[in-house]
Amino acid sequence: MTQSVSLATVEREIVDQHRIFVEWYNGRLADASFAAFEGSLAPGFTMVTTSGKILDRDTVVGFVRANHASEPGTFQIAIEDVKLVYRGKRAVSAIYFEVQHRMGVTTRRVSSAVFSHDASRTTGLIWEHLQETWAQ
């Protein structure tokens, strides 16, 4: 039940997911391991990009898949200041800062994520929604 989900569990899910991105974009994650990313997103997953575009699960998965090894050795992500903002019976929501370093450029965004319970996942959480906004 998500009411008992700890901040540490939510932070682990966020950090683990972004570690997959780093390994994938740098080309260090094999194609067969891509299932870990796909399995982390609920069937109805949606994402609002920093430009305000709303993407469905298939679009996000396709975009990430297409960028395998697109930034070998240049891509890094740091996750900072994770906070739980809501814990309910069926969902938990968190905000966090994502700092990306790619090709010599550093960007920062604040993200808001909604997770639901999924007993089949290591952390017990599955991503339902993500919104990213540019931050300074």
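These figures come from a predicted structure and were not determined experimentally.

Colleague: I'd like a description of the overall build of the protein, backed by residues and values.
Modeller: Helix and strand counts for the protein come out as three helices and six strands. Each helix and strand of the protein, ordered N terminal to C terminal, gives the series α-α-β-β-α-β-β-β-β. Computed over its C-alpha atoms, the radius of gyration of the protein comes to 14 Å, within 12% of the 14 Å expected for a compact globule of 136 residues. If one aligns the C-alpha atoms of the protein with their principal axes, the spans along those axes are about 40 × 35 × 25 Å. Going through the 136 residues of the protein one by one, you find that 41% of them count as buried. Across the protein, contacts joining residues at least 24 apart in sequence account for 56% of those joining residues at least 6 apart. For the protein, the computed accessible surface area is about 7200 Å², with 55% contributed by carbon and sulfur atoms.

Colleague: Give me the nonpolar core: which residues, what numbers.
Modeller: One finds I14, F37 and W127 to be the most contacted residues of the largest nonpolar core, which totals 30 residues. For this core, the secondary structure elements donating two or more residues are α1 (7–25), β1 (41–48), α3 (57–66), β3 (75–87), β4 (91–102), β5 (105–117) and β6 (125–134). Examining the composition of this core, we find that seven residues originate from one element, α1, more than from any other. With sequence-adjacent residues up to four places away left out, F37 is seen in contact with Q17, I20, F21, V60, V61 and V64.

Colleague: How would you sum up the pairing of β1? Please name residues and give values.
Modeller: Two strands pair when backbone bridges link them, and β1 and β6 are joined in this way by four bridges, in the parallel orientation. The residue of β6 that forms the bridge with V48 is Q131. In terms of strand pairing, β1 meets strand β2 (residues 54–56) through three bridges, oriented antiparallel. Bridge pairing links T46 to D56 in β2. Taking the residues that link successive antiparallel strands as the turn, the β1-β2 hairpin has five residues, and the phi of G52 there is positive, at about 90°.

Colleague: Outline the side chain of T123, supporting the account with residue identities and numerical values.
Modeller: Take T123: it is sitting in the loop between β5 and β6. With near-sequence residues (within four places) excluded, T123 lies in contact with T9, R12 and E13.

Colleague: I'd like to hear about the environment of H18, residue by residue, with values.
Modeller: Inspection of the secondary structure assignment puts H18 in helix α1. Residues H18 and I77, 59 residues apart in the sequence, show an inter-C-alpha distance of 6.8 Å. When neighbours within four sequence positions are excluded, H18 is seen to be in contact with I77, I79, Y96, E98 and W127.

Colleague: So what's going on with α3? Residues and values would help.
Modeller: By the burial criterion, the buried members of α3 are R57, V60, V61 and V64. Here the buried residues of α3 occupy an arc of 95° about the axis, which is enough to place them on one side. Counted as exposed and oriented over 90 degrees from the buried face of α3: D58, F63 and A66. In this fold, the buried residues of α3 make contact with α1, α2 (35–38), β1 and β2.

Colleague: So, the pairing of β4: which residues are in play, and what are the values?
Modeller: Examined bridge by bridge, β3 and β4 share ten bridges and lie antiparallel to one another. Along β4, the bridge assignment pairs K83 with I95. Here β3 hands over to β4 after three residues, the two strands then running antiparallel side by side. Here twelve bridges tie β4 to β5, and the two strands are oriented antiparallel to one another. What sits directly across from Q100, in β5, is T107.

How each quantity is defined
- Residues numbered from 1 in each chain as written.
- Predicted model: local features only at pLDDT ≥ 70, side-chain atom pairs only at ≥ 80, totals over all residues.
- Heavy atoms only, no water.
- Helix = DSSP H or I, 4+ residues; strand = E, 2+ residues; numbered from the N terminus.
- Rg over C-alpha atoms; globule rule 2.2 N^0.38 Å.
- Buried < 20%, exposed > 50% of the residue type's maximum accessible area, 1.4 Å probe, protein only.
- Contact = heavy atoms within 4.5 Å.
- Areas by Shrake-Rupley, 256 points an atom, 1.4 Å probe, with all protein chains shown as cover.
- Core = buried A, V, L, I, M, F, W, Y, C linked by side-chain atoms within 4.5 Å.
- Pairing = 2+ DSSP bridges.
- Arc of directions from axis to C-beta.

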